[in-house]
Amino acid sequence: MSSASFRNGSGVSRGGAMKIDNYNPKYSPSSSSSSSFKSKMQHSTASSGLRRCSPGSIGTSRDDSAVVSGRVRVAVRLRPRNAEEMVEDADFADCVELQPELKRLKLRKNNWDSDTFEFDDVLTEFASQKRVYEAVAKPVLESVLDGYNGTVMAYGQTGTGKTYTLGRLGKEDTADRGIMLRAMEDILEEVSPENDLVSVSYLQLYMETIEDLLNPSNDNISIVEDPKNGDVSVPGATLVEIRDHMSFMELLQLGEAHRYAANTKLNTESSRSHAILMVHIKRSVKGKNPSLSSENGSITLTGKTLKPPIVRKSKLVIVDLAGSERIDKSGSEGHTLEEAKSINLSLSALGKCINALAENSAHVPVRDSKLTRLLRDSFGGTARTSLIITIGPSPRHRGETSSTIMFGQRAMKVENMLKIKEEFDYKSLSRKLDMQLDKLIAEHERQQKVFQDEIERIASEAQNRVAEVEQNYADALELEKLKYQKDYMESLKKLEEQWTIKQENHGHQKFKIGPSDNGIHQMSNAESPMLSASEEVVQIKKKLQNETLLRKDAEAETDRLKSESTHWKKTEAARNAELVKLRKMLEDQACQKEKLEDELSLLQSQLLQISSDADEVKREQLRDTGDGERASMAKLFEQVGIHKILSLLEAEDADVRIHAVKVVANLAAEESNQERIVEAGGLTSLLTILKNSNDETIHRVAAGAIANLAMNELNQELIMSQGGVSLLSLTANRAEDSQTLRMIAGAIANLCGNDKLQAKLRAEDGIKALLGMVRCRHPDVLAQVARGIANFAKCESRASSQGSKNGKSLLIEDGALPWIVLNANNEASPIRRHVELALCHLAQHEVNAKEMITGGALWELVRISRDCSREDIRTLALKTLKSSPSFVAELKRLRIDHG
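Scanning the protein chain for helices and strands turns up 30 helices and 21 strands. Counting all 899 residues of the protein chain, 49% fall into the buried class. When the accessible area of the protein chain is evaluated, it comes to approximately 45100 Å², of which 51% is carbon and sulfur surface.

Its 14 residues give helix 17 (residues 696-709) an end-to-end C-alpha distance of 20 Å, which sits within 8% of 20 Å, the value for a rise of 1.5 Å per residue. Within helix 17, 13 of the 14 residues are buried, which leaves it mostly tucked inside the rest of the structure. N-capping of helix 17 is provided by Asp 695, with a side-chain oxygen placed 2.9 Å from the backbone N of Thr 697.

So, on to the packing of aromatic side chains. Per the stated rule, a full pass over the model turns up two aromatic pairs. A centroid spacing of 3.8 Å and a plane angle of 15° characterise the contact between Tyr 206 and Tyr 260, whose relative ring orientation is stacked. In this pair, Tyr 206 is assigned in strand 8 (residues 197-206) and Tyr 260 in the loop between helix 5 (245-257) and strand 13 (261-262), connecting sequence segments 54 residues apart. A residue is classified by how much of its surface remains accessible, and Tyr 206, at 9% relative accessible area, is buried. For Tyr 260, a relative accessible area of 33% gives the class partly exposed.

Right, let's get into the pairing of strand 9 (residues 209-212). Pairing of strand 8 with strand 9, which is carried by four bridges, proceeds in the antiparallel orientation. Each residue of the ladder has a partner; that of Tyr 206, found in strand 9, is Thr 209. Joining the antiparallel neighbours strand 8 and strand 9 is a turn of two residues, in which Met 207 adopts a positive phi near 55°.

Let us look at the pairing of strand 3 (residues 96-99). The sheet contact formed by strand 3 and strand 4 (residues 104-108) spans four bridges and is antiparallel. Within the sheet, the bridge partner assigned to Leu 98 lies in strand 4 and is Leu 105. Counted along the chain from strand 3 to the antiparallel partner strand 4, the turn is four residues long, and its residue Lys 103 has a positive phi close to 55°.

All told, the structure shown has 34 salt bridges when counted by the stated rule. In this structure, Asp 120 engages Arg 73 in a salt bridge whose closest nitrogen and oxygen atoms are separated by 3.4 Å. Here Asp 120 is found in the loop between strand 5 (114-118) and strand 6 (121-123), whereas its partner Arg 73 is found in strand 2 (residues 73-78), with 47 residues between them in sequence. Residues Asp 120 and Arg 73 agree in their burial class; the two are buried. Residue Glu 85 pairs with Arg 79 through a salt bridge whose shortest N-O separation is 2.8 Å. Connected via shared salt-bridge partners are Glu 225, Arg 367, Arg 373 and Arg 376.

To continue, consider the packing of helix 19 (residues 724-734) against helix 20 (residues 738-752). Closest axis-to-axis distance for the helix 19/helix 20 pair is 10 Å, and the angle between their directions is 150°. In this view, helix 19 runs roughly antiparallel relative to helix 20, as classed from their interaxial angle. Relative to helix 20, the crossing made by helix 19 is left-handed. Counted together, Val 725, Leu 728, Thr 731 and Ala 732 of helix 19 and Leu 741, Ile 744, Ala 747, Ile 748 and Leu 751 of helix 20 form the full contact between these two elements. Residues that form the contact of helix 19 with helix 20 fall into these classes: eight nonpolar, one polar and no charged.

What follows deals with the environment of Ser 201. Mapped onto the secondary structure, Ser 201 falls in strand 8. Its relative accessible area of 3% is what places Ser 201 among the buried residues. Along the chain, Ser 201 and Ile 276 lie 75 residues apart, while their C-alpha atoms are 8.2 Å from each other. In contact with Ser 201, other than residues within four places in its own chain, are Ala 237, Thr 238, Leu 239, Ile 276, Leu 277, Met 278 and His 280. For Ser 201, the side chain forms a polar contact with the main-chain oxygen of Thr 238, separated by 2.9 Å.

Attention now goes to the sheet that holds strand 3. Taken together, three strands build an open sheet; the order of strands is 3-4-5 and the sheet is antiparallel. Where the open sheet ends on each side, the last strands, each with one partner, are strand 3 and strand 5. Each neighbouring strand pair of the sheet contributes to a mean axis angle of 20°, computed without reference to strand direction. Two strands pair when backbone bridges link them, and strand 4 and strand 5 are joined in this way by five bridges, in the antiparallel orientation.

Bringing the state of the cysteines into the picture now. Evaluation of the coordinates by the stated rule reveals zero disulfides. Residue Cys 840 stays outside any disulfide, its sulfur separated by 7.7 Å from that of Cys 868, the closest cysteine. Classification of Cys 840 as buried rests on a relative accessible area of 0%.

Our focus in this paragraph is helix 18 (residues 713-721). Every buried residue of helix 18 is listed here: Asn 715, Gln 716, Ile 719 and Met 720. Buried residues along helix 18 cover an arc of 140° about the axis, so they all sit on one side. Seen from the buried face of helix 18, the exposed residues on the opposite side, beyond 90 degrees, are Leu 714 and Ser 721. Gly 723 sits one or two positions beyond helix 18 and adopts a positive phi of about 75°.

Okay, the nonpolar core next. If you look at the biggest cluster of nonpolar residues, it comprises 94 residues, and the most contacted ones within it are Met 773, Val 785, Trp 819 and Met 852. Apart from residues lying up to four places away in sequence, Met 852 is in contact with Ile 812, Leu 817, Leu 839, Leu 842, Ala 843, Ala 857, Leu 858, Leu 861 and Phe 887. Grouped together as the second largest cluster of nonpolar side chains are 45 residues, Phe 117, Phe 119, Ile 210 and Leu 357 included.

Together, Tyr 488, Met 489 and Leu 544 make up an exposed nonpolar region whose accessible area comes to about 280 Å². For Tyr 488, the location among the structural elements is in helix 10 (residues 426-508). The exposure class of Tyr 488 is partly exposed, given its relative accessible area of 32%.

Mapped onto the secondary structure, Lys 370 falls in helix 8 (residues 370-374). Lys 370 sits in the partly exposed class, given a relative accessible area of 23%. Once the C-alpha coordinates of Lys 370 and Glu 208 are considered, the two residues, 162 residues apart in sequence, prove to be 6.3 Å apart. Among all residues touching Lys 370, those that are not within four sequence positions of it are Leu 205, Glu 208, Thr 209, Ile 210 and Ile 223.

Where helix 26 (residues 829-843) meets helix 28 (residues 857-867), the axes come as close as 10 Å, and the angle between the chain directions of the two elements is 115°. Comparing the axis directions of helix 26 and helix 28 gives the class roughly perpendicular. Here helix 26 and helix 28 pass one another in a crossing that is left-handed. Residues Glu 836, Leu 839, Cys 840 and Ala 843 of helix 26 lie in contact with helix 28, whose contacting residues are Ala 857, Glu 860, Leu 861, Arg 863 and Ile 864. A breakdown of the residues in the contact of helix 26 with helix 28 according to their chemical character gives six nonpolar, no polar and three charged.

By the secondary structure assignment, Thr 385 is in strand 19 (residues 384-391). Residue classification places Thr 385 among the buried residues on the basis of a relative accessible area of 2%. In terms of polar contacts, Thr 385 uses its side chain to reach the backbone carbonyl oxygen of Ser 378, at 2.4 Å. At 3.2 Å, the side chain of Thr 385 forms a polar contact with the side chain of Asn 416. Setting aside residues up to four positions removed in sequence, Thr 385 forms contacts with Arg 71, Val 72, Arg 73, Thr 151, Ser 378, Phe 379 and Asn 416.

Positioned with a positive phi, Glu 208 is a non-glycine residue whose angle comes to about 65°. In this structure, Glu 208 sits in the loop between strand 8 and strand 9. Even without glycine at this site, Asp 765 takes up a positive phi of about 65°. In this fold, Asp 765 is placed in the loop between helix 21 (758-763) and helix 22 (766-772).

Definitions and cut-offs
Residues numbered from 1 in each chain as written. Predicted model: local features only at pLDDT ≥ 70, side-chain atom pairs only at ≥ 80, totals over all residues. Heavy atoms only, no water. Helix = DSSP H or I, 4+ residues; strand = E, 2+ residues; numbered from the N terminus. Buried < 20%, exposed > 50% of the residue type's maximum accessible area, 1.4 Å probe, protein only. Areas by Shrake-Rupley, 256 points an atom, 1.4 Å probe, with all protein chains shown as cover. Expected span 1.5 Å × (residues − 1). Polar contact = N/O pair within 3.5 Å; in protein donor to acceptor, adjacent residues only side chain to side chain. Phe/Tyr/Trp six-rings, centres within 6.5 Å; stacked < 30°, edge-to-face > 60°. Pairing = 2+ DSSP bridges. Salt bridge = Lys/Arg side-chain N within 4 Å of Asp/Glu carboxyl O. Axes fitted to C-alpha atoms, helices over the stretch in contact; angles between N-to-C directions. Parallel < 35°, antiparallel > 145°, perpendicular 65-115°, else oblique. Left-handed = near helix turned anticlockwise from the far one by under 90°. Contact = heavy atoms within 4.5 Å. Nonpolar A, V, L, I, M, F, W, Y, C, P; charged D, E, K, R; others polar. Disulfide = S-S within 2.5 Å. Arc of directions from axis to C-beta. Core = buried A, V, L, I, M, F, W, Y, C linked by side-chain atoms within 4.5 Å. Patch = residues over 30% accessible without salt bridge, like charges linked within 9 Å, V, L, I, M, F, W, Y side chains within 5 Å.

In short, geometric facts, not functional conclusions.
Right, here's the structure in full:
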């Protein structure tokens with residue numbers, strides 16, 4: 001970042017500070033990637049950092065809901081040297097030294113002594129505007145979208161980049177956009193144009209007078225305090241509704257044109273007023289189902305409790321304070337001198353209020369200045385507040401830098417009580433009830449008609465079937481009857497014909513008794529027709545009996561058909577009952593589906609809350625919050641459980657996957673949680689989502705979680721066995737974001753410290769991946785690369801001393817030596833320290849000496865042995881030079897005294 005890119009002619013960095021007299025490493029906060037969160041509830045992601053609690057009973061207003069504690073968050077940002085300082089301070093070192101990975105800052109007293117401070121975030125001069133926004137303003141903005149008030153404020157000496165940090169428009173380069181523009185972009189992306197309202201006021205406090213930057217004629221606006229809740233408002237200010245990004249940018253340009261500025265020795269465009277941007281947001285709460293009683297706003301209808309919609313009103317205040325200055329340095333005189341006095345008085349009043357709040361004083365002098373009255377809610381009030389203090393590196397301004405740092409230190413002790421402001425929307429509830437009633441009536445009528453039509457159809461079908469069966473039965477019976485009658489008549493006719501023939505035959509065969517010898521024989525022949533007639537009668541009787549039996553069979557068949565008809569009717573009735581039962585099952589399934597959807601929505605909401613809580617826990621790494629952090633992490637497991645969180649890594653919704661990864665990453669930062677995560681399959685899930693996802697945010701957060709797990713030796717072997725190094729190397733080759741590369745480099749660096757994995761790590765291109773990431777040139781990435789190389793070299797040195805390794809260093813074989821030599825004297829102390837250690841460890845193995853001599857490493861070892869700031873590294877380099885025959889011979893040849 002060049003100095004020319006700043007509005008005030010200076011660059012900026014961020015962080016947070018706390019002075020520590022006896023520093024204990026175990027309380028140092030670990031560096032974490034900035035998370036970008038986009039909630040679809042829009043609710044990603046995202047991680048407001050607040051510990052939410054379920055509201056109590058609610059009446060017409062939600063102002064009486066439970067409050068939660070929220071400390072003022074403080075970040076420090078260092079601007080680079082400007083052109084003037086590069087010339088005048090060329091022979092002097094910077095008065096500050098940043099340690100961003102430890103979130104620490106050192107303020108030099110002299111060449112041999114310095115004070116150390118810790119902040120919530122420490123940003124170097126290389127920090128981008130996007131990183132500043134995500135670290136300082138993003139958590140506050142997400143709280144504002146959740147219904148809390150929020151404040152973002154910049155404090156520092158004039159010319160250190162406050163206005164650049166907050167109000168930069170970025171016309172030439174969109175990457176230079178400040179917090180105001182980025183915050184409004186996120187707000188407009190989150191709110192619904194149909195249901196939500198966003199409006200803006202832009203004011204300046206000049207010479208203890210509040211003026212409207214959007215309407216300069218409105219130059220004496222009064223401050224009004226609500227006697228009930230103490231809320232501060234400026235009802236006389238112009239309030240402009242914002243619908244799109246361009247209108248907001250035009251509004252900022254209009255306000256900046258009316259803001260007072262002057263040319264001083266410290267700054268060519270020094271702001272002479274405090275600028276206050278107020279963004280008012282009114283949002284309808286979706287998907288929330290608070291527990292309400294009928295007398296506290298609910299309406300009971302037909303045994304069901306209906307909840308009125310909830311509207312949240314929140315306010316985001318962004319304050320660009322005028323720079324503090326010393327009159328003798330700024331050269332102010334005349335009217336500019338009066339302006340400087342007014343600015344210093346208001347800043348002094350603000351400092352007194354913060355001192356009183358930090359010391360829990362019974363009296364806080366908020367009425368000493370209009371500035372402190374306007375910021376009454378921001379310090380010690382109900383707003384979530386984030387402060388960024390800006391400093392410069394020049395030793396000439398060490399006093400102002402020290403004063404700014406101490407201001408930030410005191411601000412970190414201020415506790416705010418955060419509170420959501422919600423109201424019931426009864427008009428919306430009434431409209432919703434009317435629509436639901438009309439819909440229910442129409443649905444009821446439709447279902448009633450469908451049911452009636454179905455009943456009629458089933459009844460008609462049953463009647464048709466019964467009529468058809470009865471007709472078929474009657475037809476069959478009639479046919480059977482006609483058949484039997486016909487057979488009967490034919491049988492009678494045949495019998496009659498036979499009887500007639502017999503009678504005729506009987507008449508022709510009358511016998512006479514004469515004088516014949518054969519008389520007896522003739523009489524027997526006369527008697528035979530009589531016997532034949534008797535047989536015919538017997539046959540007829542048999543046939544009648546058969547006819548009787550057939551008739552009985554027909555009647556039995558008729559009874560059977562009637563029984564079948566009755567059975568069919570019963571079957572139809574059972575079928576109707578089954579139909580009713582199936583309808584009931586469908587209704588139950590619909591209710592079950594609705595319950596499952598509600599549970600899914602609740603689970604996603606819990607995930608977002610867990611993500612925000614975890615982000616808050618990870619940022620609060622101060623000594624006095626260690627027990628609270630562990631309790632919060634344990635609470636996360638109890639609320640949802642690691643298995644449910646891991647299952648959400650496979651969710652279809654991209655935002656749900658992103659926040660699930662963030663929760664796992666935050667939990668993995670705690671050593672006590674790592675074993676449970678690995679046992680539940682968390683490591684495998686992280687590697688899988690890293691392999692299958694193309695989302696840069698998921699790559700960054702998943703790599704950070706793997707880096708946390710890789711701090712454990714057992715987990716390191718699991719990562720290697722599951723192909724983790726190859727996957728990390730592939731991801732590093734595709735990644736462009738510096739934070740993603742930093743996380744990947746950190747994970748590989750942790751693996752490089754394991755003696756057992758060196759050969760496999762090199763075989764899976766781990767070293768090449770580290771060297772490939774130096775293309776980013778970001779100091780944080782280079783520091784992790786240097787740490788990985790140092791760890792690898794240390795393991796090789798240990799193996800060589802134990803006699804288990806005789807060959808040349810794998811680092812040298814993979815071409816790491818030129819980069820190591822090039823960065824052995826890097827300006828960034830973390831990079832330089834790790835590279836110096838790597839050189840010393842490589843030099844302890846005699847087989848590497850030839851390549852190190854030809855590659856220029858010997859000269860760096862000599863320099864380290866003489867000029868290294870760390871005595872242990874200096875001693876190690878000197879010992880190495882003396883113990884290596886090759887180095888001793890080369891130094892002797894070159895006639896160099898190596899001590």
